[in-house]
Amino acid sequence: MAKSFPHSYEVCNCKHVTLGEIIYAIKERDASTLEELGYLTDAGTCCKCCQDSSCDIGEEKMELYLTQILKKFKK
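For the structure given in this document, a descriptive report is provided here.

Definitions and cut-offs
- The numbers attached to residues start from 1 for each chain and follow its sequence in the written order.
- Whole-chain, interface and lining totals are the exception, using all residues; otherwise, since this is a predicted model, local features are given only for residues with pLDDT of at least 70 and side-chain atom pairs are given and counted only at 80 or more.
- Side-chain measures here rest on the full set of heavy atoms in the structure, leaving out hydrogens and waters.
- Secondary structure elements are defined from DSSP: runs of H or I of at least 4 residues count as helices, runs of E of at least 2 residues count as strands, and each element is numbered from the N terminus.
- Residues adjacent in sequence count toward polar contacts only when both atoms are side-chain atoms; beyond that, a polar contact is any pair of N or O atoms within 3.5 Å, and within protein one must be able to donate a hydrogen and the other to accept it.
- Pairs of residues are marked as contacts when any of their non-hydrogen atoms sit within 4.5 Å.
- In this scheme, a residue with accessible area under 20% of its type's maximum is buried, one over 50% is exposed, and one in between is partly exposed, where area comes from a 1.4 Å probe on protein chains only.
- Put simply, two rings from Phe, Tyr or Trp (the six-membered ring, in Trp's case) pair if the centres are within 6.5 Å, and we call them stacked under 30 degrees between planes, edge-to-face over 60, tilted for the rest.

1. Digging into the side chain of Asp-56
Next up, step 1: Note on placement: Asp-56 falls in the loop between α2 (34-41) and α3 (66-73).
Next up, step 2: Polar side-chain contacts of Asp-56 include one of 2.7 Å to the side chain of Tyr-65.
Next up, step 3: When sequence neighbours within four positions are dropped, the list of residues in contact with Asp-56 reads Cys-49, Lys-61, Met-62 and Tyr-65.

2. Points about helix α1 (residues 19-27)
Next up, step 1: Taken together, the buried positions of α1 are occupied by Leu-19, Gly-20, Ile-22, Ile-23, Ala-25 and Ile-26.
Next up, step 2: Here the buried face of α1 lies against β1 (10-12), β2 (17-18), α2 and α3.

3. Some words on unusual backbone geometry
Next up, step 1: Notably, His-16 is not glycine yet its phi reads approximately 55°, a positive angle.
Next up, step 2: Looking at the element boundaries, His-16 is found in the loop between β1 and β2.
Next up, step 3: Residue His-16 is classed as exposed on the basis of its relative accessible area of 54%.
Next up, step 4: For Lys-48, which is not glycine, the phi torsion reads 70° and is therefore positive.
Next up, step 5: With respect to the secondary-structure elements, Lys-48 resides in the loop between α2 and α3.

4. Some remarks on the packing of aromatic side chains
Next up, step 1: Overall, the coordinates contain 1 aromatic pair when judged by the stated rule.
Next up, step 2: A centroid spacing of 4.7 Å and a plane angle of 50° characterise the contact between Phe-5 and Tyr-9, whose relative ring orientation is tilted.
Next up, step 3: Among the residues examined, Phe-5 registers a relative accessible area of 13% and is labelled buried.

This is how it looks when you write it as structure tokens:
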């Protein structure tokens, strides 16, 4: 993640989930998988484009993916 994103950055456009909500789910609620993030925040549960670049079928590509965020906070 070379670019710095604010906590208000919307990672999941379908469910309007922000980076701050995702970080909270990882740090405070111990989410460690895509499934847990989806359960706690709804992120990545609709079109799944925000999960990983391999899932991104949109014409305009996402700048930040859930897998990148999980990898950064992996213990």
